[in-house]
Amino acid sequence: MDLKKLANALIPDENVKPLEYYEELYPLRDLPKGAEVTRLAPSPTGFMHLGNLYVALANERIAHQNGGVFYLRIEDTDEKRKVEGAVEVIHASLKYFGVAFDEGADLCGNYGPYYQRQRAEIYHAFAKDLIEKGLAYPCFCTEEDLEKTREYQTENKLLPGYYGEFAKCRNLSEEEIYANLAAGKPYVIRLKSQGDVDVKHTFHDEVKGDITVTENNQDVVILKSDGIPTYHFAHAIDDHFMRTTLVIRGEEWLSSLPIHIELFKTLGFRLPKYGHNCSIQKIDGETRRKLSKRKDPEASLTFYREQGYHPEAVRTYMMTLLNSNFEEWMLKFSDKPLDEFKYSIGKMGKSGALFDILKLNDISKTYMSKLSEVETYDFLYAWAQEFGSEEQKGYFADKEYMLKALALCMGVGGKKRRKDFICAKQALQTVCYFFNDGFKNAEYRFEKQTVKRILQDFAAEYTYADDCSAWFEKVKAVAAKNGFATDMKAYKADPTAYPGNVSDVAEMLRIATTGLANTPDLWTIMQILGEEKTLARLQKAIDTL
Ligand code: GLU
């Protein structure tokens, strides 16, 4: 068969350039010894899974700790999975967690285009070369043909796929091929596999160690009927020309590794190192399962941003999942920047990283409690601008006022720093009563008339200038006037002798001014709110009773 003629009929010369052209266009990278070129190669689905951050961090650390390059390639060959704006989502979510690319999609770089759809010419050039060499061929099988083969293989308990006697178009004659083409039959281009499933090799996986790999014998599709390449073919060509040296990717690709090994060999490319990392799992009742996009909100990177987890806390937690010796390092060098930790691919879990949100929360609490006053303010401010409600954005109109509220509720800027704040959302909910007058009051535990009288008595006496003890004397006086115990000892000796005690009175005042039965120090709250607001809230509470 005239293979050159066939290759040209399928992929005309004018659509491609000679292969050397691409080798020259994308020269070997001039990098220091030991530097790795790694990448993240997501599909633009618009959804960023925690696993994407996990694999991105691993690749980023490896590249950057040795002067290498980390780039972003968009694998958009599957039109059905593509979502508008997805690349912005990838950049925004990873940037938030401190993962920065050196080059790639929507960035500059000399190895682009970094969108696979824009690289059709290169894929076609190499597919054409393989056809010319008799290492690839057109396949005209229809979906029904393939379905029939599948059924036959299942019934006869044979290995599934397009290989050997089932590779019907592998040996079509020249006449048959041209007749099919003349009839306008759609076709794909398949690799003519040279592999043998009875042959096994030892392969060194950077994460899993030495594994046994069986040779591929499948005539896999390399170009689909619309000329778009499959992942197998596209990634081999891209990793070669983008000069990738190390691929860390999800273990779901491990089963395709034989295909990739064969493709690199057939294309005459040097195989990069591969590390297949395990998926992130969680405990669900009695079982351990993959963190699922559908079932688990915490699987989405957006979740952490919407809740306002501090990015450094999430990054720290991810490092504990990524490297088994990270925690030990963190305990020793808690003040050092994370990037000083020497990340090692060999210390990645081999059998599944277990996600534990309680541990993430603990790390977050510690992290939040160490932020300075300015850092806390800036972090909450930035979060509110992006994810907060209109009301929450308004919390930042008066910086002094906000800082006072944060000082009281979180201990920011003071000695008694609280350690129970996980995220920005929770922090802003805690200070909300300083800003929102429309709150719903907690239930008073006393009769309306009693509460009303007490609030009225206190409002009549309240003076903003009172210091804490003068203020408390007034609360006591109001309690006494209404028959409530002011001496706790006396009260405890005979609780039935009183309707309640002074702390019950304080609770009524608290509910009236903040809506809550439990808050930090009430005198300070009233000082922050100011006289006008305090009295207005007391009056509003009185009016509703
Ligand atoms: N597009 C593939 C995915 O999203 C990339 C796998 C790889 O890193 O090679 O799973």
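Not measured: the values here are computed from a predicted model.

Caption draft 1: A look at the overall build of the protein. Secondary structure summary: the protein contains 23 helices and 13 strands in total. By the compact-globule yardstick of 24 Å for 545 residues, the protein is too spread out, its C-alpha radius of gyration being 33 Å. Along the first, second and third principal axes, the C-alpha set of the protein runs to 110 × 50 × 45 Å. The long-range share in the protein, meaning contacts at least 24 apart out of those at least 6 apart in sequence, stands at 74%.

Caption draft 2: Geometry of the environment of Ala490. With respect to the helices and strands, Ala490 occurs in helix α20 (residues 488–493). Exposure remark for Ala490: the relative accessible area of 28% places this residue in the partly exposed category. Separated by 11 residues in sequence, Ala490 and Asn501 place their C-alpha atoms 9.8 Å apart.

Caption draft 3: Here's a closer look at the nonpolar core. Ranked by size, the top nonpolar core spans 107 residues in total, and within it Leu94, Phe126, Phe233 and Met318 carry the most contacts. Of all the elements, helix α3 (residues 50–64) adds the most residues to this core, at 9 residues. Dropping the residues within four chain positions of it, Phe233 is found in contact with Tyr123, Phe126, Ala127, Leu130, Ile222, Leu223, Leu263 and Leu267. Membership of the second largest hydrophobic core comes to 54 residues, among which are Tyr395, Phe421, Ala427 and Met508.

Caption draft 4: Structural view of the pairing of strand β9 (residues 246–250). Taken across its 5 residues, β9 has 5 buried, putting it largely inside the fold. Taken together, the 5 bridges between β9 and strand β10 (residues 273–277) define a ladder with parallel strand orientation. In the sheet register, Leu246 faces β10, and the bridge partner there is Lys273. After leaving β9, the chain enters helix α9 (residues 257–267) and then returns to the sheet as β10, a path that is right-handed.

Caption draft 5: Examining helix α16 (residues 399–410) more closely. Between its terminal C-alpha atoms α16 stretches 16 Å, which fits the 16 Å expected from 12 residues at 1.5 Å a residue. Taken residue by residue, α16 has Tyr401, Met402, Leu403, Ala405, Leu406, Leu408, Cys409 and Met410 as its buried positions. The inward-facing, buried residues of α16 contact α13 (357–369), α14 (373–387), α17 (424–430), α22 (522–529) and α23 (531–544). For α16, the N-terminal capping position is held by Asp398, with its side-chain oxygen 3.2 Å away from the main-chain nitrogen of Glu400. Following α16 by one or two positions, Gly411 has its phi on the positive side, about 75°.

Caption draft 6: Molecular detail of the sheet that holds strand β8 (residues 221–223). Here 3 strands make up an open sheet; going across it, the order is β4-β5-β8 and the pairing antiparallel. Two strands bound the open sheet, and with one partner strand each, they are β4 (136–139) and β8. Taking the axes of each pair of neighbouring strands and ignoring which way they run, one obtains an average angle of 45° across the sheet.

Caption draft 7: Region of the structure containing the sheet that holds strand β2 (residues 69–72). What the 3 strands build is an open sheet, ordered β1-β2-β3; its pairing is parallel. For this open sheet the edge positions go to β1 (37–40) and β3 (103–104), each flanked by a neighbour on one side alone. Bridge count for β2 against β3 is 2 bridges, and the pairing is parallel. Bridge pairing in β3 links Leu72 to Gly104.

Caption draft 8: Summary view of the state of the cysteines. Taken as a whole and assessed by the stated rule, the structure comprises 0 disulfides. Cysteine Cys169 is unpaired, with the sulfur of Cys141 as its nearest cysteine sulfur at 3.8 Å. Its relative accessible area of 7% is what places Cys169 among the buried residues. Free cysteine Cys423: the closest other cysteine sulfur is in Cys432, separated by 14 Å. Residue Cys423 is classed as buried on the basis of its relative accessible area of 7%.

Caption draft 9: Spotlight on unusual backbone geometry. Put simply, Gly112 and Pro113 share a cis peptide bond, and its omega is 0°. Along the chain, Pro113 turns up in the loop between β3 and α5 (120–132). One non-glycine residue, Lys157, lies in positive phi territory at about 50°. Relative to the helices and strands, Lys157 resides in the loop between α6 (143–155) and α7 (174–182).

Caption draft 10: Quick look at the pattern of salt bridges. Counted by the stated rule, this structure contains 35 salt bridges. For Lys17, the salt bridge is made with Glu121, and the minimal N-O distance between the two is 3.2 Å. Linking Lys17 in the loop between α1 (3–10) and α2 (19–25) with Glu121 in helix α5, this pair joins segments that are 104 residues apart in sequence. The residue Lys359 makes a salt bridge to Glu327 at a minimum N-O spacing of 2.7 Å. Of the two residues, Lys359 sits in helix α13 while Glu327 sits in helix α12 (residues 326–332), which places them 32 residues apart along the sequence. Since its relative accessible area comes to 28%, Lys359 is described here as partly exposed. Classification of Glu327 as partly exposed rests on a relative accessible area of 34%. Here the salt bridges do not stand alone but share partners, grouping Arg39, Arg73, Glu75, Arg119, Asp238 and Asp239 into one network.

Caption draft 11: Structural detail: the side chain of Asp219. Positionally, Asp219 belongs in the loop between β7 (209–214) and β8. Apart from residues lying up to four places away in sequence, Asp219 is in contact with Tyr137, Tyr162, Ala167, Arg170, Arg190, Leu191, Lys192 and Ser193.

Calculation notes
- For every chain, the first residue of the written sequence is number 1, and numbering continues from 1 onward in sequence order.
- Only residues with pLDDT of at least 70 get local features here, since the model is predicted, and only at 80 or more are side-chain atom pairs given and counted; chain-wide, interface and lining totals rely on the full set of residues.
- The basis for the side-chain values is all heavy atoms of the structure; hydrogens and waters are excluded.
- Here a strand is any run of E in DSSP of at least two residues, a helix any run of H or I of at least four, and the numbering for each starts at the N terminus.
- We compute the radius of gyration from the C-alpha atoms alone; for a globule the expected value is 2.2 Å times N to the 0.38, where N is the number of residues.
- We call two residues in contact when some of their heavy atoms are within 4.5 Å.
- Here's how the labels work: a residue is buried when its accessible area is under 20% of the maximum for its type, exposed when over 50%, partly exposed in between, all with a 1.4 Å probe on protein chains only.
- Buried residues of nine kinds, namely Ala, Val, Leu, Ile, Met, Phe, Trp, Tyr and Cys, make up a nonpolar core once their side-chain atoms join them within 4.5 Å.
- Any two strands are treated as partners once DSSP identifies two or more bridges connecting them.
- Look down the strands so they point away from you; if the path from the first strand over the helix to the second goes clockwise, the crossover is right-handed.
- A helix is expected to span 1.5 Å multiplied by its residue count minus one.
- Any pair of N or O atoms that falls within 3.5 Å is considered a polar contact. Within protein, one atom must be able to donate a hydrogen and the other to accept it, and sequence-neighbouring residues count only if both atoms are side-chain atoms.
- Orientation is described by axes fitted as lines to C-alpha atoms, over the contacting stretch for helices, and by angles from 0 to 180 degrees between their N-to-C directions.
- In this description, the term disulfide denotes a pair of cysteine sulfurs within 2.5 Å.
- By definition here, a salt bridge exists when the distance from a side-chain nitrogen of Lys or Arg to a carboxyl oxygen of Asp or Glu is within 4 Å.

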